[in-house]
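Residue-level structure breakdown
Listed below, chain by chain, are the residues.
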Amino acid sequence: MLPDPQRFLAVSGRRIARAEGTAQVVRELCLTAVPDLSDTVFVYLADRRQDRSEPLGLRLDAVPAELGAVMGGVPASSASVLPDSVLAGFLRCGRTRGRGSDDVEEALRELLGAAPRLPQGNRVLLAPLRAPDTVVGVAVFLRRPDREDFVEDDIALADALSTQAALGVSEDTATPQARPAATPKAPDEDRLRYVGAATRRIARGFDTDEIVLGLCRAAVPTYSDAALVYLRDPLPVGDERPTGPDTLRLRRTDRIKGPAAEGLVWPAETVDDEQDDLDAGDWSEVVPGGALAEVLRGVRPVFADDPATRAALSELVGQDSALNGWAGSHAILAPLRGRRRVTGAVVFLRRPERPAFEPADLLVAAQLATHTALGVDKAVLYSREAFIADRLQRAMLPQTLPKPPGVRLAFRYLPAAETARVGGDWYDAIPLPGSRVALVVGDVMGHSMTSAAVMGQLRTTAVTLAGLDLPPQEVLHHLDEQAQRLGTDRMATCLYVVYDPVSHRITVANAGHPPPILLHPGGKTEVLTVPPGAPIGVGGIDFEAVELDAPAGATLLLYTDGLVESRLRDVWTGIEQLREKLAATAQLTGPDRPPPLEALCDEVLDMLGPGDRDDDIALLAARFDGIAPSDVAYWTLDPEPSAPGRARRLTRQALAGWGLDELSDTAELLVSEIVTNAVRHASRPISLRLLRTGVLRCEVGDDVPQLPRLRRALPSEEHGRGLYLVNRLARRWGTTRLGTGKIVWFELGGPAS
């Protein structure tokens, strides 16, 4: 199956449309089909007959030189098709078919003779070249034995190419007396060129609405005076099978209006006065076995010139619609058959005073319908893929961020333009031991499901590495190794920042990412100077980290290149514009009051203008409040039996100095339990730290890497109840493994006002 059948059909159709003469048409048919659709094609053309009762003569017109490598033997140079033969019935049917039935096998023998050996399996297609009122030939498409079988999509493409080639051959071989009288200029005098131009317009559509609009604008007024397009609701995706009855819903109508309709009067009963559009039903249910179902099953466009077809038209547009008055050759009903099934129908109408459609116009309708159906299929598949990828990407991004002490966070994520919604940008904030926090922003190169999947893997890896409390440059080093394990072309940029609210410092490591911008408390903005580094995935590169001041009240802005780079500006121009935007926003609130984080993010995104959204955007803003030295108490305890008692006394004194006596009893009990457990296992000094922020946080560190587990102790056991008490009495608690041990922490209710 071709990756983009609509584009293939549009390009092939243009080449066949430009061909002049039968020989050139046949040559272009062969050149366009090989090697994308088949490995070889050969064509039999029909001899002209004055008497239709005589047998149809077919002569071999095109045989590629490489035919012998595909099949053995020599095909017959001519064939006589008797009226009652299997091949004659097959040609009258007019539909391309593959091997799989005795009729096709017999038709191939009648055409090629008994000598050739054809490839096994469904690697042979027999495609009649059927003009409006006669058969002009037949084409045979073959694939090599080592190539996959033809599928339904391939058969539809071969059928469309054969139809277009038949139109070119018939126009070239028709005698002047047999040529139809002039009706619309483009379809009659140069139908092939019209079809080429119309299909290009349809192929330009990106989504379903654009494709349907392209069909209507291509058909009206050149081909028809009005067009009505019905599509299945809901549209099937891929191999989905409908669970209920098929319903066709009116997607769009179009008719001649304005100056083009001057002097042309529509029957008043056919126009809806409220909507100034054609009077047709909004939806139609396809009844199995009904007239409409039979027309849709036939696939080919038909005139509304018999009771069955008129009944199908009435079933589609509604029993009460005045459009049922169109009959005969002034109305064409064309099924829209996609890759695997019929996805809708289109009705072409001409006013009674205009010349009716001709048999050759059915081929034009077939081409328009085929291109539209393939385009709708592609649009539906793309929309589903984009929807799934977008949901996948959003599921991999954090929906909320933590609230670590001493820092406030805000974030924004914007997908790319509609033409490339899926990207690989991500952001994260990861709490670290010691009340620190890691701020991460990254960007996987590319826009695809693969980019979103790689982004999810790298983000997960970054969270895991951060939990080990590795230095920023080491985190990037391991991310680089992980990206290389995912593939040689998996590259990404990343900025990793660790903020310590106690020391009011940040440590920054960069892997090819745009540098962060710091908004100082007084309103000054600064693009931080950090080592640029190489992107993740390059391999063999050492990453560097720098430590910088992060004063209280400052705001750090991390972002991806989609915010500062576009087709209209380079990345450094965008960074300078972003810095100026931050400075201008800070001036709105004055030097003593920094702008609110949420409003700041919105103002930053407002710098994007039309045409600036080429990539998705991740934005992470951090306001550094810090923790004052007076709100921190720190001690080192020797791992000896007296350590728990000393820890209780130090905790009681610190809480009394902070005015938190109501928390003293609980804090002393929990500190004693955790320090007691540390004394039993530690061989080096134990750290004890208390922090007063919105809550009281206690951290106990030791040199034992094994993390304690919450369990219920047996009545006979003397130990194992400490964490049970912590779990019952603390507001929150947790454990964090360090490179040289671990930290056990808990939080109690906030301080008194």
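Below you will find a few notes about this structure.

What counts as what
Residues numbered from 1 in each chain as written. Predicted model: local features only at pLDDT ≥ 70, side-chain atom pairs only at ≥ 80, totals over all residues. Heavy atoms only, no water. Core = buried A, V, L, I, M, F, W, Y, C linked by side-chain atoms within 4.5 Å. Buried < 20%, exposed > 50% of the residue type's maximum accessible area, 1.4 Å probe, protein only. Helix = DSSP H or I, 4+ residues; strand = E, 2+ residues; numbered from the N terminus. Contact = heavy atoms within 4.5 Å. Salt bridge = Lys/Arg side-chain N within 4 Å of Asp/Glu carboxyl O. Phe/Tyr/Trp six-rings, centres within 6.5 Å; stacked < 30°, edge-to-face > 60°. Lys NZ or Arg CZ within 6 Å of the ring centre and 35° of its normal. Pairing = 2+ DSSP bridges. Axes fitted to C-alpha atoms, helices over the stretch in contact; angles between N-to-C directions. Parallel < 35°, antiparallel > 145°, perpendicular 65-115°, else oblique. Left-handed = near helix turned anticlockwise from the far one by under 90°. Nonpolar A, V, L, I, M, F, W, Y, C, P; charged D, E, K, R; others polar. Patch = residues over 30% accessible without salt bridge, like charges linked within 9 Å, V, L, I, M, F, W, Y side chains within 5 Å. Areas by Shrake-Rupley, 256 points an atom, 1.4 Å probe, with all protein chains shown as cover. Lys, Arg positive; Asp, Glu negative; His and termini not counted. Charge placed at Lys NZ, Arg CZ, Asp CG, Glu CD. Polar contact = N/O pair within 3.5 Å; in protein donor to acceptor, adjacent residues only side chain to side chain.

A word on the nonpolar core. Ranked by size, the top nonpolar core spans 50 residues in total, and within it L439, L476, L479, I506, L556 and F624 carry the most contacts. By residue number, the principal contributor to this core is strand β18 (residues 492-500), which donates seven residues. Not counting residues within four places of it along the chain, the set of residues in contact with I506 comprises V497, V498, Y499, L528, V546, E547, L548, A550, L556 and F624. Residues I202, A227, L368 and V380 belong to the second largest nonpolar core, which totals 34 residues.

Time to look at the pattern of salt bridges. Under the criterion given, the structure shown has 32 salt bridges. Ionic pairing is found between D361 and R350, a salt bridge with its closest N-O pair at 3.9 Å. Residue D361 is found in helix α11 (residues 359-396), and its partner R350 is found in the loop between β14 (342-349) and α11; the two are separated by eleven residues along the sequence. On the accessibility criterion, D361 (0% relative accessible area) is buried. On the accessibility criterion, R350 (0% relative accessible area) is buried. Between R505 and D549 there is a salt bridge, and its shortest N-O distance comes to 2.2 Å. Placement of R505 in strand β19 (residues 505-511) and of D549 in strand β22 (residues 545-549) is noted, with a sequence separation of 44 residues between them. Look at D549 and you get exposed, because its relative accessible area is 52%. One salt-bridge network, in which partners are shared between bridges, spans R689, R697, E699, R731, R732 and E747.

With that settled, consider the packing of aromatic side chains. Tallied over the full model, the rule gives six aromatic pairs. Summarising the aromatic geometry, the rings of F42 and Y44 are spaced 6.3 Å apart at their centres and angled 65° between planes, so their arrangement reads as edge-to-face. Site record: aromatic cluster; members linked through ring pairs are Y194, Y223, F348 and F357. The ring of Y223 carries R350 above its face, with NZ or CZ at 5.8 Å from the centroid. A cation sits over an aromatic face here: R697 above W745, 4.3 Å from the ring centre.

What follows deals with the pairing of strand β7 (residues 226-232). Across the seven residues of β7, seven count as buried, placing the element largely inside the fold. Of the two faces of β7, the one holding A226, L228, Y230 and R232 and the one holding A227, V229 and L231 are both buried throughout. Bridge analysis of β7 against strand β8 (residues 247-255) gives seven bridges, and the strand direction is antiparallel. Looking across to β8, one finds that R232 is bridged to L248. As defined by bridge partners, β7 adjoins β14 across six bridges and the pair is classed as antiparallel. The residue of β14 that forms the bridge with L228 is V347.

Take the packing of helix α16 (residues 643-658) against helix α17 (residues 664-681) next. Where α16 meets α17, the axes come as close as 8 Å, and the angle between the chain directions of the two elements is 150°. Comparing their axes, α17 and α16 come out roughly antiparallel. Where α16 crosses over α17, the two elements pack in a sense that is right-handed. Between α16 and α17, the contacting residues are A643, P644, A647, R648, T651, R652 and L655 on the first element and S664, A667, E668, V671, S672, V675, T676 and V679 on the second. Its residues placed into classes, the contact of α16 with α17 shows eight nonpolar, four polar and three charged.

Attention now moves to the sheet that holds β19. Ordered in space as β16-β17-β18-β19-β22, the five strands form an open sheet in which the pairing is antiparallel. With partners counted over all chains shown, the strands left at the sheet margins are β16 (424-431) and β22, one partner each. Strand-to-strand twist in this sheet, taken as the mean axis angle between neighbours without regard to direction, amounts to 15°. Bridge count between strand β17 (residues 437-444) and β18: eight bridges; the pairing is antiparallel. Within the sheet, the bridge partner assigned to V441 lies in β18 and is L495. Set on the sheet, helix α12 (residues 449-467) makes contact with β16, β17 and β18; between it and β16 the angle comes to about 15°.

This brings us to a positive patch on the surface. A cluster of basic residues, R18, R200, R201 and R204, forms a positive patch on the protein surface. Looking at where R18 falls in the secondary structure, it is placed in helix α1 (residues 5-18).

All right, on to a nonpolar patch on the surface then. A contiguous nonpolar surface patch, about 250 Å² in accessible area, is contributed by F387, I388 and M449. You can see M449 is positioned in helix α12. Owing to a relative accessible area of 30%, M449 belongs among the partly exposed residues under this scheme.

Position of T96 among the secondary structure elements: in the loop between α3 (86-93) and β4 (97-98). Within the structure, T96 has its side chain in polar contact with the side chain of D159 (distance 3.0 Å).

The next thing to look at is the environment of N324. Mapped onto the elements of the fold, N324 is located in the loop between α10 (307-317) and β13 (328-337). For the pair N324 and A312, spaced twelve residues apart in the sequence, the C-alpha separation amounts to 10.0 Å. Once residues lying within four places of it in the same chain are set aside, the contact partners of N324 are L313, S314, V317, G318 and Q319.

Cis peptide bonds are those with omega within 30 degrees of zero, and the linkage from V34 to P35 qualifies with 5°. Along the chain, the position of P35 falls in the loop between α2 (22-33) and β1 (40-46). Residue P234 is bonded to the preceding D233 through a cis peptide linkage, with omega at 0°. With respect to the helices, strands and loops of the structure, P234 is situated in the loop between β7 and β8. Of note, D469 is a non-glycine position whose phi angle comes to about 60°, a positive value. In this fold, D469 is placed in the loop between α12 and α13 (472-486). Among the residues examined, D469 registers a relative accessible area of 22% and is labelled partly exposed. If you check the backbone angles, H504 has positive phi at about 55° while not being a glycine.

What is shown is where atoms sit, not what they do.
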